Amino acid sequence: MYRIGNGYDVHRLIEGRKLILGGIEIPFEKGLEGHSDADVLIHAIMDGLLGALALGDIGQHFPDTDEEYRGISSIKLLNHVKKLIDNKGFEIVNIDSQIVMQQPKLKPYIFNMRGNLAKELGLDLDRVSIKATTEEKLGFTGKEIGVKSYAVVLLKKIKK
């Protein structure tokens, strides 16, 4: 049995925060606003993973009203989601994701982001896709107000 999930997340760009994407710090004068480290890419991936198994969304599992999650690394949250997948008897077949932002250009960082996520999830690198694009200066991402990310994931049942 296979299960597909999709995820979406968005965060505002602000000064005074680090820009963390895929668990990697990206040099930039702004970072993402949020209760955790606001890693918009990992948040979209987690929502896709949770959705594939009808386990709700990241807000249900890691509410922004809970001080336990203030400033937490999204990698730690991803590890928790991976355990939920394992406990349900599924494995991740692949992840296809996209980050939408005007600046900075992400091409120099994508390989490291992919490697980081593959390592954390116990996947081969060729099962994790990350793409980056701009909206040609249109909308909130084009005006550098925020960043959004999409993810599609495929899971496969491995236990009966």
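Our structure is the block above this text.
The structure displayed is predicted, hence computed values, not measured ones.

A. Here's a closer look at the packing of helix α3 (residues 74-87) against helix α4 (residues 107-121). Remark: α3 packs on α4, axes separated minimally by 10 Å, with the N-to-C direction vectors making an angle of 40°. On the basis of the axis angle, α3 is oblique to α4. For the element pair α3 and α4, the recorded crossing hand is right-handed. Contact with α3, carried on its side by I75, L78, N79 and K82, involves N116, L117, E120 and L121 of α4 and no other residues of that element. Its residues assigned to classes, the contact of α3 with α4 comprises 4 nonpolar, 2 polar and 2 charged.

B. Highlighting the packing of helix α1 (residues 40-52) against α3. Where α1 meets α3, the closest approach of the two axes is 10 Å, and the angle between their N-to-C directions is 15°. Here α1 lies roughly parallel to α3, going by the angle between them. Crossing geometry of α1 relative to α3 is assigned as left-handed. Together, I42, H43, I45, M46, L49 and L50 of α1 and S74, I75, L77, L78, V81, L84 and I85 of α3 make up the contact between the two elements. The residue inventory of the contact of α1 with α3, partitioned by class, reads 11 nonpolar, 2 polar and no charged.

C. α4, seen in detail. Across its 15 residues, α4 extends 22 Å between first and last C-alpha, which sits within 8% of the 21 Å expected from 1.5 Å per residue. Those residues of α4 lying buried are I110, M113, N116, L117, A118 and L121. Looking at the packing, one finds that the buried side of α4 touches β2 (19-21), β3 (24-26), α1, α3, β5 (90-100) and β6 (128-133).

D. A look at the nonpolar core. Within the largest apolar cluster, 43 residues are counted, with the highest numbers of intra-cluster contacts made by L21, L49, I99 and L117. Residue assignment for this core shows that the elements contributing at least two residues are β2, α1, α3, β5, α4, β6 and β7 (146-157). Element by element, the count of residues in this core is highest for α1, at 9 residues. Once residues within four sequence positions are removed from consideration, L21 is found in contact with I26, L32, D39, V40, L41, I99, M101, L106 and M113.

E. Geometry of the pattern of salt bridges. By the definition in use, this model includes 8 salt bridges. E67 is paired through a salt bridge with R70; the nearest N and O atoms lie 2.8 Å apart. On the basis of relative accessibility, which here comes to 51%, the residue R70 falls in the exposed class. Among the ionic pairs, D96 bridges to K131, the shortest N-O distance being 2.4 Å. Placement of D96 in strand β5 and of K131 in strand β6 is noted, with a sequence separation of 35 residues between them. Among the residues examined, D96 registers a relative accessible area of 31% and is labelled partly exposed.

F. Region of interest: the packing of aromatic side chains. Tallied over the entire structure, the rule returns 2 aromatic pairs. Measuring from centroid to centroid gives 5.1 Å for Y8 and Y150, while their planes differ by 45°, and the two rings are tilted. Highlighted residues: Y8 in strand β1 (residues 2-15) and Y150 in strand β7, separated in sequence by 142 residues. An angle of 80° between the planes, with centres 5.4 Å apart, marks the rings of F62 and Y69 as edge-to-face. The residues F62 and Y69 share a single accessibility class, namely buried.

About the thresholds
Residues numbered from 1 in each chain as written. Predicted model: local features only at pLDDT ≥ 70, side-chain atom pairs only at ≥ 80, totals over all residues. Heavy atoms only, no water. Axes fitted to C-alpha atoms, helices over the stretch in contact; angles between N-to-C directions. Helix = DSSP H or I, 4+ residues; strand = E, 2+ residues; numbered from the N terminus. Parallel < 35°, antiparallel > 145°, perpendicular 65-115°, else oblique. Left-handed = near helix turned anticlockwise from the far one by under 90°. Contact = heavy atoms within 4.5 Å. Nonpolar A, V, L, I, M, F, W, Y, C, P; charged D, E, K, R; others polar. Expected span 1.5 Å × (residues − 1). Buried < 20%, exposed > 50% of the residue type's maximum accessible area, 1.4 Å probe, protein only. Core = buried A, V, L, I, M, F, W, Y, C linked by side-chain atoms within 4.5 Å. Salt bridge = Lys/Arg side-chain N within 4 Å of Asp/Glu carboxyl O. Phe/Tyr/Trp six-rings, centres within 6.5 Å; stacked < 30°, edge-to-face > 60°.

Taken by themselves, the reported measurements are silent on function.
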